[in-house]
Amino acid sequence: EMKFLTHEVLNNFMRVQEDAGLGEPEYVVRQGLQLVSWKPRGGRLHVTPFLGSKKEMMNAILPATFTFGGKPTSTPSQDATERLEPEIPDA
């Protein structure tokens, strides 16, 4: 999972390149969000602008906690939109 995150999901600026499901249970991380902080088990907290390198992330002890922030550039799918907006019954 860490290899997928560092090689496929994050670009060199620690920004999400494409929507991806991470974790167990799966959590969808939207395209355009930026990695704000991460903390490996028993390790130190890495916070922007001192996140470290992708290589350091690959060598981290799992499990690790990640925090993403910013505004996603991709729009949620139609199914996700329907789940977020509850239907208002007629009065």
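Below you will find a few notes about this structure. (Residues numbered from 1 in each chain as written. Predicted model: local features only at pLDDT ≥ 70, side-chain atom pairs only at ≥ 80, totals over all residues. Heavy atoms only, no water.)

## Notes on the sheet that holds strand β3 (residues 34-40)
Stated formally: In this scheme, strands are said to pair when DSSP sees at least two bridges between them. Each helix is a run of DSSP H or I of at least 4 residues and each strand a run of E of at least 2, with the numbering of both proceeding from the N terminus.
Taken together, three strands build an open sheet; the order of strands is β4-β3-β5 and the sheet is antiparallel. Edge strands, defined here as strands with exactly one partner in the open sheet, are β4 (46-47) and β5 (64-69). When β3 meets β4, the two strands line up antiparallel, connected through two bridges. Directly across from Ser37, in β4, lies its bridge partner Val47.

## Details of the side chain of Thr6
Let me state the cut-off plainly: We call two residues in contact when some of their heavy atoms are within 4.5 Å.
Here Thr6 lies in helix α1 (residues 2-9). Beyond its immediate sequence surroundings of up to four residues, Thr6 is in contact with Lys54, Met57 and Met58.

## With respect to the packing of aromatic side chains
For any two aromatic rings, the description comes down to two numbers: the centre-to-centre distance and the angle of the planes. Note the following rule: Geometry of aromatic contacts follows a simple scheme: Phe, Tyr and Trp rings, the Trp one being its six-membered ring, pair when their centres are within 6.5 Å, and the pair is stacked under 30 degrees between planes, edge-to-face over 60, tilted otherwise. Using a 1.4 Å probe on the protein chains alone, a residue whose accessible area is under 20% of its type maximum counts as buried, one over 50% counts as exposed, and one in between counts as partly exposed.
Inspection of the entire model under this criterion finds one aromatic pair. Plain terms: the ring middles of Trp38 and Phe66 are 6.3 Å apart, the flat faces sit at 20 degrees to each other, and that makes the pair stacked. Within this pair, whereas Trp38 is found in strand β3, its partner Phe66 is found in strand β5, the two being separated by 28 residues in sequence. Residue classification places Phe66 among the partly exposed residues on the basis of a relative accessible area of 25%.

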